Every structure is written in C-alpha cells, then in structure tokens.
Amino acid sequence: MRVVWWTVAALALFGLAGLVLALAVGELTSDTYDVTDLDVGDCFDLDPDDDGAVGLVDVIDCDEPHNAEVVAIAELNPNGDQPYPADDELFAIADAACLGVPADPRFGILAVAPTEATWDGRRGRVTCVGLVYGGGATDRPYGSPFDA
C-alpha cells in the first residue's frame, strides 16, 4: 500500500512540476507586453479599455495586418529625479514628446504616458504609438512606401 501511495505522490509532484514549467515556458515565450515596454518598430493591434487606458498588447509581425506601431520612445524622467507631474501636465509633456515623429499620412500619433508606478523605474518613458486612421489596419510598417 505504501508503494502505491508514494507512486501517486511522486506522479502528482512531477505533474505539478511539469505544469509550473509549462506555464513558465509559456510566459517566457509569450508575445504579450505592456505597451510601455515595447521598442520602436514593434507592431500590434490596439484595443483600449472602455476608459481609454492602454495596457497589455500582443506584438505581431509588421507584415501582418495591424493597427498600431511604436514609432518613438521618449524619457520624461531620465535621471530619476523629477516628481511625478499632475495629470494635465503629464499628458501635455507626453504629447509634446511625440510631436517630432516624422509624419506618415496613414497614421495618427498617440502618446502613451507612464503611470505613477512606472515613473521612476522606467524613467518616465513615453511610448509614441502610430495608430491607423479610421480604425483600419495596414500590413506595412510605419513610414514605409505605399500606394496612394
């Protein structure tokens, strides 16, 4: 009877370890990121929350249909010594940080501002996102030639 109990316990332990490993591998190979962690050139589909918040997105190949792409990154707190600004000021300086992005007539620019929780750790990182006008999609990267 003890052999059966130890066998069942060992199988359960190995099964649990396998599940944890599978979940860890899934997390490591996931293409889901916080939009403020993306790099210039990362493409994705943006579907803001009902309150307009932008959070986790799935990065996809820019040759696939997508409606958003990171086109620039700016740091509002590069030395980590600036206090977190009030909302109105934050959104104004985030928008200003994305003003210098070269134009692409297919896209409008959305400045994704940092949260208070990420202000110091991510150096006040602003992610400038190109959004396809009209809610459509494109299969060409931002700034690429296209047929008018």
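Residues numbered from 1 in each chain as written. Predicted model: local features only at pLDDT ≥ 70, side-chain atom pairs only at ≥ 80, totals over all residues. Heavy atoms only, no water.

The geometry of an aromatic ring pair is captured by the separation of the ring centres together with the interplanar angle, meaning the angle of the planes. Taken as a whole and assessed by the stated rule, the structure comprises 2 aromatic pairs. Centroid distance Tyr84 to Trp119: 5.5 Å. Interplanar angle 85 degrees. Geometry classified as edge-to-face. On the criterion of sequence distance, the pair formed by Tyr84 in the loop between strand E4 (68–75) and helix H2 (87–97) and Trp119 in the loop between strand E5 (107–112) and strand E6 (125–132) is long-range, its members being 35 residues apart. For Trp119, a relative accessible area of 3% puts it in the buried group. (Phe/Tyr/Trp six-rings, centres within 6.5 Å; stacked < 30°, edge-to-face > 60°. Helix = DSSP H or I, 4+ residues; strand = E, 2+ residues; numbered from the N terminus. Buried < 20%, exposed > 50% of the residue type's maximum accessible area, 1.4 Å probe, protein only.)

Okay, the environment of Asp47 next. By secondary structure assignment, the location of Asp47 is in the loop between strand E2 (43–44) and strand E3 (56–60). Among the residues examined, Asp47 registers a relative accessible area of 69% and is labelled exposed. Considered as a pair, Asp47 and Val57 are 10 residues apart in the sequence and their alpha carbons are 8.4 Å apart.

Tracing the backbone through its elements, the reader meets Ala94 in helix H2. The class for Ala94 is buried, based on a relative accessible area of 0%. Taking the C-alpha atoms as reference points, Ala94 and Leu110, 16 residues apart in sequence, are found 9.3 Å from one another. Residues in contact with Ala94, not counting those within four places in the same chain, are Leu76, Ala111, Ala113 and Val126. (Contact = heavy atoms within 4.5 Å.)

Whenever strands of a sheet pair, they do so through backbone hydrogen bonds, lying parallel or antiparallel. The 6 strands lie next to each other as E1-E3-E2-E4-E6-E5, forming an open sheet whose pairing is antiparallel. Strands at the two margins of the open sheet, each flanked by one partner only, are strand E1 (32–34) and E5. Strand direction decides the pairing type here: E5 and E6, joined by 6 bridges, are antiparallel. By the bridge assignment for E6, Leu110 is matched with Val129. (Pairing = 2+ DSSP bridges.)

Bringing the nonpolar core into the picture now. Val101, Val126 and Cys128 are the most contacted members of the largest nonpolar core, which has 16 residues in total. Of all the secondary structure elements, the ones that give two or more residues to this core are E4, H2, E5 and E6. In contact with Cys128, other than residues within four places in its own chain, are Glu69, Val70, Val71, Ala72, Ala97, Cys98, Val101, Ile109 and Leu110. (Core = buried A, V, L, I, M, F, W, Y, C linked by side-chain atoms within 4.5 Å.)

Turning next to the pairing of E6. Burial analysis of E6 places 7 of its 8 residues in the buried class, which makes it a mostly covered element. Two strands pair when backbone bridges link them, and E4 and E6 are joined in this way by 7 bridges, in the antiparallel orientation. Among the inter-strand pairings, Glu75 is bridged to a residue of E6, identified as Arg125.

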